[in-house]
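Letter by letter, the chains look like this.
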Amino acid sequence: MDTRELARRVRLHALRMTNRGKSSHIGAALSIADILSVLYGGGVLRVDHKNPSWGGRDRFILSKGHAGAAVYAVLAETGFFPVARLQDHYQDGSYLSGHVSHKGIPGVELST
């Protein structure tokens, strides 16, 4: 996977998500897009989007919870859930909260 293109798409999703939800923390999301793209799209992390609970997977824990939009975007772009679900970010009743939450999100190990 082209990690530069993935990072570009993650940034674009993050901008749209935070704008739509009238949320903040866009700087945190933009600053981690390259790192997430290399980890998830560059084959660094051993993960399987078809089997997010696979016992042999690597675990990625983000301590910078304000970058949740970028985490959700990279997970969607790498097949953990449909990209269209990003439109619900920071909306009432959405699983995609402003900070990273593991509830209902495949590929997220721990809430931050």
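Residues numbered from 1 in each chain as written. Predicted model: local features only at pLDDT ≥ 70, side-chain atom pairs only at ≥ 80, totals over all residues. Heavy atoms only, no water.

**What about the overall build of the chain?**
Then, number 1: Within the chain, the regular secondary structure consists of three helices and zero strands.
Then, number 2: The linear arrangement of helices and strands in the chain, starting from the amino end, is α-α-α.
Then, number 3: A compact globule built from 112 residues should have a C-alpha radius of gyration of about 13 Å, and the chain, at 13 Å, falls within 12% of that.
Then, number 4: Along the first, second and third principal axes, the C-alpha set of the chain runs to 35 × 30 × 25 Å.
Then, number 5: Scored against the burial criterion, the 112 residues of the chain give a buried share of 41%.
Then, number 6: At a minimum sequence separation of 6, the contacts of the chain that also span at least 24 residues come to 60%.
Then, number 7: Entry remark: accessible area of the chain is about 6000 Å², with carbon and sulfur atoms responsible for 51%.
Then, number 8: Counting 14 positive and 9 negative side-chain charges, the chain places the averaged centre of each group 2 Å from the other. (Helix = DSSP H or I, 4+ residues; strand = E, 2+ residues; numbered from the N terminus. Rg over C-alpha atoms; globule rule 2.2 N^0.38 Å. Buried < 20%, exposed > 50% of the residue type's maximum accessible area, 1.4 Å probe, protein only. Contact = heavy atoms within 4.5 Å. Areas by Shrake-Rupley, 256 points an atom, 1.4 Å probe, with all protein chains shown as cover. Lys, Arg positive; Asp, Glu negative; His and termini not counted. Charge placed at Lys NZ, Arg CZ, Asp CG, Glu CD.)

**Looking at helix α3 (residues 68-77)**
Then, number 1: Taking burial as the measure, the 10 residues of α3 include 10 buried ones, the bulk of the element.
Then, number 2: Those residues of α3 not exposed but buried are Gly-68, Ala-69, Ala-70, Val-71, Tyr-72, Ala-73, Val-74, Leu-75, Ala-76 and Glu-77.
Then, number 3: Packed against the buried residues of α3 are α1 (3-21) and α2 (26-41).
Then, number 4: Once α3 ends, the next one or two residues include Gly-79, with phi positive near 95°.

**Things to note about the environment of Arg-9**
Then, number 1: Secondary-structure assignment places Arg-9 in helix α1.
Then, number 2: Since its relative accessible area comes to 23%, Arg-9 is described here as partly exposed.
Then, number 3: Measuring from C-alpha to C-alpha, the distance between Arg-9 and Glu-77 comes to 8.0 Å, with 68 residues separating the pair along the chain.
Then, number 4: For Arg-9, the side chain forms a polar contact with the side chain of Glu-77, separated by 2.8 Å. (Polar contact = N/O pair within 3.5 Å; in protein donor to acceptor, adjacent residues only side chain to side chain.)

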